[in-house]
Protein chains: 2
Amino acid sequence: MELLERRIRESGVVKPGQVLKVDSFLNHQMDVALFREMARAWGREFADRPVNKVMTIEASGIGLAAIVGDELGLPVVFAKKAQSINLDGSVHTAQITSYTHKRDYDVIVSKRYIGPDDHVLIIDDFLANGCAMEGLIAICQQAGATIEGIGIAIEKGFQQGGALLRERGFKVCSLAIVESMDHETGRIEFR
Amino acid sequence: MELLERRIRESGVVKPGQVLKVDSFLNHQMDVALFREMARAWGREFADRPVNKVMTIEASGIGLAAIVGDELGLPVVFAKKAQSINLDGSVHTAQITSYTHKRDYDVIVSKRYIGPDDHVLIIDDFLANGCAMEGLIAICQQAGATIEGIGIAIEKGFQQGGALLRERGFKVCSLAIVESMDHETGRIEFR
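Residues numbered from 1 in each chain as written. Chains lettered and ligands numbered in written order. Predicted model: local features only at pLDDT ≥ 70, side-chain atom pairs only at ≥ 80, totals over all residues. Heavy atoms only, no water.

- An unreviewed UniProt entry lists chain A under the name Xanthine phosphoribosyltransferase, with Berryella wangjianweii as the source organism.
- One UniProt comment on chain A, placed under Sequence similarities (unreviewed entry), says "Belongs to the purine/pyrimidine phosphoribosyltransferase family. Xpt subfamily." (UniProt positions renumbered as here; feature names shortened; annotations may be inferred.)

So this is what it looks like as structure tokens:
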């Protein structure tokens, strides 16, 4: 998606350790007008799929998923990280590893909000090694839900997450795929 | 707001300890069509204020704030809980206590996304004792930003947060104010 790639080139900052900072528009400050264009792009991409629910994981996927839910007229469910006393016991869970925060945590979705009748479009801001995504997929599978597609804002194409998901037959639509980036020059190459 | 009160009566569950579970539509599964009506209500309420930024705190405020940002055509900033390696050092912080999660944590907003030129509408899903809100207010004050208003989905009117904020002169618009609730009968009274 040209618009997103341009925005990443203009506002993204490449940090050591292959970190791409996009917190001016994606995951700290949120440019919801851009989110709307992204939601429309995913809407076109998954128009042939019988999606009835949008799913994401807290926290930075929630804003994107809310706009996608609004665009498609669908409810949104966000998976929670770690047990909360406001969730009762009846939950699907998966354990995932965050490389960003360097720890393991549980991802939780109430059994009431994901089930065998659900046809899910998963939305997230980043796809790198795919650990968070594996957690969401595991939860959908536990619930007997159908994963109709996966919409990603920025995929790190030099990490394995996207390739592994596509090999397994998932329809993955990443709006920008970073092929390489260099924190010394600030250069970002897209696929 | 009649629509929200009706939804709370229909779908909210009162739990022991004055917990109101609204995770079927507000803070786990999100009814974004309802969020849109809520955003319009806040838009009318704060129409006379020169708001240029919407602010909230992760995680459950983000979906609401994204729809409010979309409705008002404004960028949204969400405060993060605890230091993330993807935020660099230049941040405003405040420490808050979560009674839900029974711990203290830091709330952080990058200095780049809140400053003296900002006129902020703060949005959150719940207002009870007001601890999270105090953190957001402290951050706005550190930044020299003007708080134009505070939009809350559900205020627990029997806790002190809302009263204290109004005493200090903040314009608080809570779309539903719960006066009392009883987990044995399930009865919820609104102000």
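1. Brief notes about the overall build of chain A
Phase 1 of the analysis: Along its length, chain A carries five helices and eleven strands.
Phase 2 of the analysis: In terms of overall size, chain A behaves like a compact globule, its C-alpha atoms giving a radius of gyration of 16 Å where 191 residues would be expected to give roughly 16 Å.
Phase 3 of the analysis: Each principal axis of the C-alpha distribution contributes one length, and for chain A these read about 50 × 35 × 35 Å.
Phase 4 of the analysis: Here chain A holds 191 residues, and 58% of them are scored as buried.
Phase 5 of the analysis: Excluding contacts between residues fewer than 6 apart, the proportion of contacts in chain A whose partners are at least 24 apart in sequence is 61%.
Phase 6 of the analysis: Taken as a whole, chain A presents about 7,800 Å² of accessible surface, with 45% of it coming from carbon and sulfur. (Helix = DSSP H or I, 4+ residues; strand = E, 2+ residues; numbered from the N terminus. Rg over C-alpha atoms; globule rule 2.2 N^0.38 Å. Buried < 20%, exposed > 50% of the residue type's maximum accessible area, 1.4 Å probe, protein only. Contact = heavy atoms within 4.5 Å. Areas by Shrake-Rupley, 256 points an atom, 1.4 Å probe, with all protein chains shown as cover.)

2. Some remarks on the relation of the copies chain A and chain B
Phase 1 of the analysis: Its rotation angle being 180°, the transformation that places chain A on chain B also includes 0.0 Å of axial translation and leaves an RMSD of 0.0 Å. Expressed as a symmetry operation, the mapping of one chain copy onto the other fits a two-fold axis.
Phase 2 of the analysis: A share of 100% of interface residues in chain A that are also interface residues in chain B marks the association as one of identical surfaces. (Least-squares fit on C-alpha atoms with pLDDT ≥ 70 in both.)

3. A short note on the pattern of salt bridges
Phase 1 of the analysis: Throughout the structure, instances matching the rule amount to 32 salt bridges over all chains.
Phase 2 of the analysis: Residue E148 of chain B pairs with R49 of chain B through a salt bridge whose shortest N-O separation is 4.0 Å. With E148 of chain B in strand 9 (residues 146-156) and R49 of chain B in the loop between helix 2 (32-45) and strand 4 (53-57), the pair connects residues that are 99 residues apart, well separated along the chain.
Phase 3 of the analysis: Here the residues in one salt-bridge network are R36, E37, R40, D70 and E71 of chain A together with R36, E37, R40, D70 and E71 of chain B, joined through shared partners. (Salt bridge = Lys/Arg side-chain N within 4 Å of Asp/Glu carboxyl O.)

4. Some details on the UniProt feature "binding site: xanthine" (unreviewed entry) in chain A
Residues and elements named next belong to chain A.
Phase 1 of the analysis: In the UniProt entry, the feature "binding site: xanthine" (unreviewed entry) is given for L20, N27 and K156.
Phase 2 of the analysis: Here L20 lies in strand 2 (residues 19-21).
Phase 3 of the analysis: The class for L20 is buried, based on a relative accessible area of 6%.
Phase 4 of the analysis: Look past the residues within four positions of L20 in its chain and what remains in contact with it is I8, G12, V13, V14, F126, I154, K156, V178, M181 and I188.
Phase 5 of the analysis: Tracing the backbone through its elements, the reader meets K156 in strand 9 (residues 146-156).
Phase 6 of the analysis: Taking the relative accessible area as the measure of exposure, K156 reaches 12% and is therefore buried.
Phase 7 of the analysis: Each residue touching K156, except ones within four places of it in the same chain, is listed here: Q18, V19, L20, F126, L127, A128, V178 and M181.

5. Details of the UniProt feature "binding site: 5-phospho-alpha-D-ribose 1-diphosphate" (unreviewed entry) in chain A
Residues and elements named next belong to chain A.
Phase 1 of the analysis: In the numbering used here, UniProt assigns the feature "binding site: 5-phospho-alpha-D-ribose 1-diphosphate" (unreviewed entry) to A128, N129, G130, C131 and A132.
Phase 2 of the analysis: Relative to the helices and strands, A128 resides in the loop between strand 8 (119-127) and helix 4 (131-143).
Phase 3 of the analysis: Relative to the assigned elements, C131 resides in helix 4.
Phase 4 of the analysis: On the basis of relative accessibility, which here comes to 23%, the residue C131 falls in the partly exposed class.
Phase 5 of the analysis: Once residues within four sequence positions are removed from consideration, C131 is found in contact with I96, T97 and Y99.

6. Thoughts on the interface of chain A and chain B
Phase 1 of the analysis: Contacts between the two partners involve 40 residues from chain A, matched on the other side by 40 residues from chain B.
Phase 2 of the analysis: Both faces combined, the contact of chain A with chain B buries some 3,400 Å², and carbon together with sulfur accounts for 58% of it.
Phase 3 of the analysis: Area buried by chain A at its contact with chain B is led by H28, M30 and Y113 of chain A, which between them contribute 21% of it.
Phase 4 of the analysis: As a salt-bridge pair, R36 of chain B and D70 of chain A come within 2.9 Å of each other at their nearest N and O atoms. (Buried area = accessible area lost by both parts, 1.4 Å probe.)

7. Examining the packing of helix 2 (residues 32-45) of chain A against helix 3 (residues 62-72) of chain A
Residue and element names in this part refer to chain A.
Phase 1 of the analysis: Two elements in contact, helix 2 and helix 3, have axes whose closest approach is 9 Å; the angle formed by their N-to-C orientations is 55°. The pairing of helix 2 with helix 3 is recorded here as oblique in orientation. Crossing geometry of helix 2 relative to helix 3 is assigned as right-handed. On helix 3, the residues touching V32, F35, R36, M38, A39, R40, W42 and G43 of helix 2 are G63, L64, I67, V68, D70, E71 and L72.
Phase 2 of the analysis: Of the residues that constitute the contact of helix 2 with helix 3, the class distribution is nine nonpolar, two polar and four charged. (Axes fitted to C-alpha atoms, helices over the stretch in contact; angles between N-to-C directions. Parallel < 35°, antiparallel > 145°, perpendicular 65-115°, else oblique. Left-handed = near helix turned anticlockwise from the far one by under 90°. Nonpolar A, V, L, I, M, F, W, Y, C, P; charged D, E, K, R; others polar.)

8. Observations concerning helix 3 (residues 62-72) of chain B
Residue and element names in this part refer to chain B.
Phase 1 of the analysis: In terms of burial, helix 3 is a largely internal element, eight of the eleven residues being buried.
Phase 2 of the analysis: Among all positions in helix 3, only I62, G63, L64, A65, A66, I67, V68 and G69 are buried.
Phase 3 of the analysis: Note on helix 3: the residue one or two positions beyond its end, G73, has a positive phi of about 70°.

9. Re the environment of R166 of chain B
All names here are of chain B.
Phase 1 of the analysis: The residue R166 is located in helix 5 (residues 161-167) in this model.
Phase 2 of the analysis: The exposure class assigned to R166 is partly exposed, which follows from its relative accessible area of 31%.
Phase 3 of the analysis: When near neighbours in sequence (up to four residues on either side) are disregarded, R166 contacts E155, V172, S174 and I177.

10. Structural notes on unusual backbone geometry
Peptide bonds are, in most cases, trans, and in most cases residues other than glycine have a negative phi.
Residue and element names in this part refer to chain A.
Phase 1 of the analysis: Here the bond from E58 into A59 is cis, since omega is 0°, no more than 30 degrees from zero.
Phase 2 of the analysis: Counting through the fold element by element, A59 comes out in the loop between strand 4 (53-57) and helix 3.
Phase 3 of the analysis: Phi angles above zero are rare outside glycine, and Q18 is one such case at about 55°.
Phase 4 of the analysis: Structurally, Q18 can be placed in the loop between strand 1 (13-15) and strand 2.
Phase 5 of the analysis: By relative accessible area, which is 34% here, Q18 ends up partly exposed.

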